[in-house]
Amino acid sequence: MPHNSPLITITALSLMAAHVCAGTAAADDRPWTNRALSPDTRADLVLNEMTTEEKLGLVVGTSQRPAGEAIGAAGYVAGVARLGIPMLREANAELGVAVPPLDDTVRPEDEATALPSGLATAATWNPAIAHANGAMIAEEARRKGFNVLLAGAVNLARDPRTGRNFEYAGEDPLLAGTMAGAAIRGIEEKHVVSTVKHFALNDQENNRTLLDARIDMPALRESDLLAFELAIEGGQPGAVMCSYNLLAGIYACQNPTLLNNILRQDWRFRGWVMSDWGAVHSTSEAARAGLDQESGADWDSRAWFGEPLAIAVAEGTIPATRLNAMVHRILRSMFASGVIDDPPAPGPLDADADAQVAQHAEEEGIVLLRNESDLLPLSSDLRRIAVIGGHADVGVLSGGGSSQVIPLGDPALRVRFKAPGDTIPYAMVFDPSSPLKAIQAKAPLAQVTFADGEDVDRAAIAAKEADVAIVFATSWEIEGHDAESLSLPRDQDKLIAAVAAANRRTIVVLETGNPVAMPWNSEVGAILAAWYPGQRGGEAIANVLFGTVNPSGRLPITFPASTAQLPRPELPGRFIPWNTTFAVDYREGGAIGYKWFEQQHATPLYPFGFGLSYTRFSYSDLRVSGGKAVTVSFTVTNSGERPGADVPQIYVGAPQADGGRARRLVGWSKIALAPGESQRVRITADPRLLAHFDETEHGWRIVAGDYPVELGASSSDLRLAATARLEERTLPP
Ligand code: BGC
């Protein structure tokens, strides 16, 4: 609940002071404007000039729009205009510059280009796509006046029902960390600060603020933390956002193991740690543990880094040096990212170019899961096409919560509802890109009909009369809630089964935020996982259906056959006594997704890494060398008739001496090949992926031995094998 905190007073005072003094200081008086100096030196030069009050103003943010402020934002932090330090204006920006759909205090209806979901981008397995997404978002954000983007979400998909998986990058630390890192880099290169979030283990949404994650530390290092580590190395974000949950009984935003020891000491992270909104629960514990900035302090029970911090610093219980360190890190990132040297430049968006970015991401992210008798690609000579369900006549579904983008050109549709107990009504937002129209454009001679799918019999009749039936199935996810099951909601399984019974040439297009169960899997001709498809999703889907684009997406997350196969068939934390924390034992440890399935000898519905193409790829001549690291080379050939892109994947198991842990993805390459063309690929595995984290030695330990190396088209389709002999080695943490 927002309340009037001392922070707001400090903020207002420093804004007034800044206003009076702005512009009076000459550049000579501001040695920190010298770009030749390092960000650390520049930060210290500013810090030396700051009053305690100004410093306190920089370590606390609010979600309340300051008086006179034109731009609605998720968060604000007062700058020090007297010294040329701008206000931080923070926008959620995982999938585009976001705005809560029904909150009219924050930029009501401010539109931006809507990207497909994070899982769609992860499914491209192409870091260049993630990078282009980040650059596009940052460019739009700059034109809207933002200098901090709450992006870089990289929590691993420990459960396929987690309500925010759609924002994230899947279940594997290497894939997720690489893709998130590339997106962050794309943002930072545009001189906008990006976060990486939510650090760490906010891996479920139900009662996320009360969840106490229990996991063995080596397993955590090898899974969720490795994803963050890789994303930070690749993206160099200016800030880390700590998460809502507790870890081993301590809230993440006041957890010294996470913040001081791992992030700062082991990883040498130089930027600042900001809290998630409402994730702070103390002043001194948080300050000592390494939190630098309380975000959205109006969401906390009190502004912990407002008056209580001021008192603690005045009394010396929090040393002034600690406050200086907080401020230094914030300023340092502002200089390093370039938000001070190259502030946002308001202007119009380049809507067409940005929509291309969104379309391209979706085209590469769509995964072809099934294609019996080459039903796809469709011919443009079809006579009758029945399109059914999913509001495909008007648009494509997007996911809900703080990442919600109001798409350019207005939502095609908003389905509003209020769940019991909720204070704010929710709205499912459909992006204005009609699959029906895009399909009609691809098959101009065809009669394309639409049935909304509410009447199953009518849909079946439409399917029976058509050459092909295309069912659009949707499942909506929203931040703060996990899915109750893997099943498609609203009887859509019944609809699909009825349509498939009426016409074997049925294609299912899934617009979902997560894996779903498919009881009709073997009854339909083809299945596309289109995720949440984004601003030009309709066009992207039609391009894949008709073969203008050859699908090249691969699953970044396992599609289980049932919840019984999961580490926690019942999701914990749904029904707990009011306001009590509850422990979740992550018994799978680092064996998330495909690794868990391998350990359990369970067969998923569709495995991690899987995806079909309209052409065929073959692999040959696998060569492997060991020693200090594993280097692999092999040849990929497009042995089919169409150009296409493949994603050959390398998995490495453990030597017998290391006790049979599951295979790990250690590398991949996305390569486009013409028919008949071959390419040699070379991959060197990051040694951390071959190691296990050894707490006693405090480092990554590689056990000497023979490591099985496999080349495959998915985690379950391993085609060539070899062995690499590795030396014993310990790497720093
Ligand atoms: C979400 C963050 C988001 C923040 C600000 C929180 O509830 O967990 O991802 O950046 O709100 O809107």
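Owing to the predicted nature of the structure, the values given are computational and were not obtained by experimental measurement.

Undergrad: How should the packing of helix 5 (residues 127-144) against helix 6 (residues 173-188) be read in this particular structure?
TA: What describes two packed helices is the angle between their axes and the distance between those same axes. Between helix 5 and helix 6, the shortest axis-to-axis distance is 6 Å and the interhelical angle comes to 35°. Note that helix 5 runs across helix 6; the crossing there is right-handed. Listed contacts from helix 6 to P127, A130, H131, G134, A135 and A138 of helix 5 are T178, M179, A182, A183, R185, G186 and I187. A per-class count over the contact of helix 5 with helix 6 returns eight nonpolar, four polar and one charged.

Undergrad: Looking at this model, I keep getting lost on the packing of helix 5 against helix 13 (residues 351-365). Mind explaining?
TA: Their axes nearest at 10 Å, the elements helix 5 and helix 13 cross at an angle of 155°. Put simply, helix 5 runs roughly antiparallel to helix 13. Here helix 5 runs over helix 13; the crossing is left-handed. Facing helix 5, whose interface residues are I129, A132, N133, M136 and E140, helix 13 presents D354, V357, H360, A361 and E364. Of the residues in the contact of helix 5 with helix 13, the class split is five nonpolar, two polar and three charged.

Undergrad: Help me understand the site of the ligand, please; the structure alone is not making it clear to me.
TA: Surveying the vicinity of the ligand reveals 14 residues, the closest of which are N92, R164, H198, Y244 and D276. Contact distances for the ligand include 3.0 Å between an oxygen atom and a side-chain N or O atom of K197. Surface burial for the ligand is 95%, taken as the share of its 310 Å² of free accessible area covered by protein chains. Across the shell around the ligand, the residue classes break down as six nonpolar, three polar and five charged.

Undergrad: What's the story with the state of the cysteines in this structure? I'm lost.
TA: In protein structure, a disulfide is the covalent linkage between the sulfur atoms of two cysteines. Enumeration according to the criterion identifies one disulfide in this entry. Between C242 and C253 runs a disulfide, and the two sulfur atoms are separated by 2.1 Å. Between C242 and C253, the disulfide has an S-S torsion of 110° and is therefore right-handed. Note that C242 is positioned in strand 7 (residues 239-242) and C253 in the loop between strand 9 (250-251) and helix 9 (256-266), a separation of 11 residues in sequence. The residues C242 and C253 share a single accessibility class, namely buried.

Undergrad: Please explain the nonpolar core as it appears in this structure.
TA: Generally speaking, a soluble globular protein has its nonpolar side chains buried in company with each other. Within the largest apolar cluster, 126 residues are counted, with the highest numbers of intra-cluster contacts made by F199 and F305. Ignoring anything within four residues of it in the chain, the contact list for F305 reads L56, V59, V60, S282, T283, A286, A287, L291, D292, Q293, E294 and M326. Counting residues in each nonpolar core, the second largest holds 35 residues, with A459, V471, M518 and A529 among its members.

Undergrad: What's the story with the confidence of the model for the chain in this structure? I'm lost.
TA: In this model, the chain carries an average pLDDT of 94, and 94% of its residues clear a pLDDT of 70 or more. Counting contacts from residues 1-26, a segment whose pLDDT is below 50, to residues more than four positions away or on other chains yields 32 contacts.

Undergrad: What is the right way to read the sheet that holds strand 23 (residues 631-638) from this model?
TA: Within a sheet, neighbouring strands are paired by backbone hydrogen bonds and run either parallel or antiparallel to one another. If you walk across this open sheet you meet the three strands as 22-23-28, and the pairing is antiparallel. Bordering the open sheet on either side are strand 22 (617-625) and strand 28 (678-684), each of which pairs with just one other strand. Shown here is a sheet whose adjacent strand axes are inclined to one another by a mean of 20°, direction ignored.

Undergrad: What should I look at first to understand the environment of T52 in this one?
TA: One can find T52 in helix 3 (residues 52-58). Take T52: its relative accessible area is 45%, and that puts it in the partly exposed class. Separated by 15 residues in sequence, T52 and L37 place their C-alpha atoms 24 Å apart.

Undergrad: Before we go on, may I ask you to explain the pairing of strand 7 in this structure?
TA: Looking down a regular strand, the side chains alternate between one sheet face and the other. Alternating positions in strand 7 separate into two faces, A239 and M241 on one and V240 and C242 on the other, with burial throughout. Note: strand 5 (residues 193-199) against strand 7, four bridges, orientation parallel. Along strand 7, the bridge assignment pairs T195 with A239. As paired elements, strand 7 and strand 10 (residues 272-275) share four bridges and run parallel to each other. Bridge pairing in strand 10 places V240 opposite V273.

Undergrad: What is the right way to look at the sheet that holds strand 29 (residues 692-694) in this model?
TA: Read across the sheet, three strands follow the order 29-30-33 without closing on themselves; strand pairing throughout is antiparallel. Every interior strand has two partners, whereas the edge strands, strand 29 and strand 33 (729-731), have only one. With strand direction ignored, the average angle separating the axes of adjacent strands in the sheet is 40°. As paired elements, strand 29 and strand 30 (residues 699-702) share three bridges and run antiparallel to each other. Across the sheet, D694 pairs through a bridge with G699, a residue of strand 30.

Undergrad: It is not clear to me how a negative patch on the surface should be interpreted in this structure. Could you clarify?
TA: A surface patch of negative charge is lined by D452, E454, D455 and D457. Mapped onto the elements, E454 comes out in the loop between strand 17 (447-451) and helix 15 (456-464). By relative accessible area, E454 is classed as exposed at 67%.

Undergrad: Is there a simple way to think about the environment of D686 in this case?
TA: Its location among the elements puts D686 in the loop between strand 28 and strand 29. Sequence separation between D686 and Y168 is 518 residues, and the spatial gap between their C-alpha atoms is 22 Å.

Calculation notes
Residues numbered from 1 in each chain as written. Predicted model: local features only at pLDDT ≥ 70, side-chain atom pairs only at ≥ 80, totals over all residues. Heavy atoms only, no water. Axes fitted to C-alpha atoms, helices over the stretch in contact; angles between N-to-C directions. Helix = DSSP H or I, 4+ residues; strand = E, 2+ residues; numbered from the N terminus. Left-handed = near helix turned anticlockwise from the far one by under 90°. Contact = heavy atoms within 4.5 Å. Nonpolar A, V, L, I, M, F, W, Y, C, P; charged D, E, K, R; others polar. Parallel < 35°, antiparallel > 145°, perpendicular 65-115°, else oblique. Near = heavy atom within 4 Å. Polar contact = N/O pair within 3.5 Å; in protein donor to acceptor, adjacent residues only side chain to side chain. Areas by Shrake-Rupley, 256 points an atom, 1.4 Å probe, with all protein chains shown as cover. Disulfide = S-S within 2.5 Å. Buried < 20%, exposed > 50% of the residue type's maximum accessible area, 1.4 Å probe, protein only. Core = buried A, V, L, I, M, F, W, Y, C linked by side-chain atoms within 4.5 Å. pLDDT = per-residue confidence, 0-100. Pairing = 2+ DSSP bridges. Patch = residues over 30% accessible without salt bridge, like charges linked within 9 Å, V, L, I, M, F, W, Y side chains within 5 Å. Salt bridge = Lys/Arg side-chain N within 4 Å of Asp/Glu carboxyl O. Lys, Arg positive; Asp, Glu negative; His and termini not counted. Charge placed at Lys NZ, Arg CZ, Asp CG, Glu CD.

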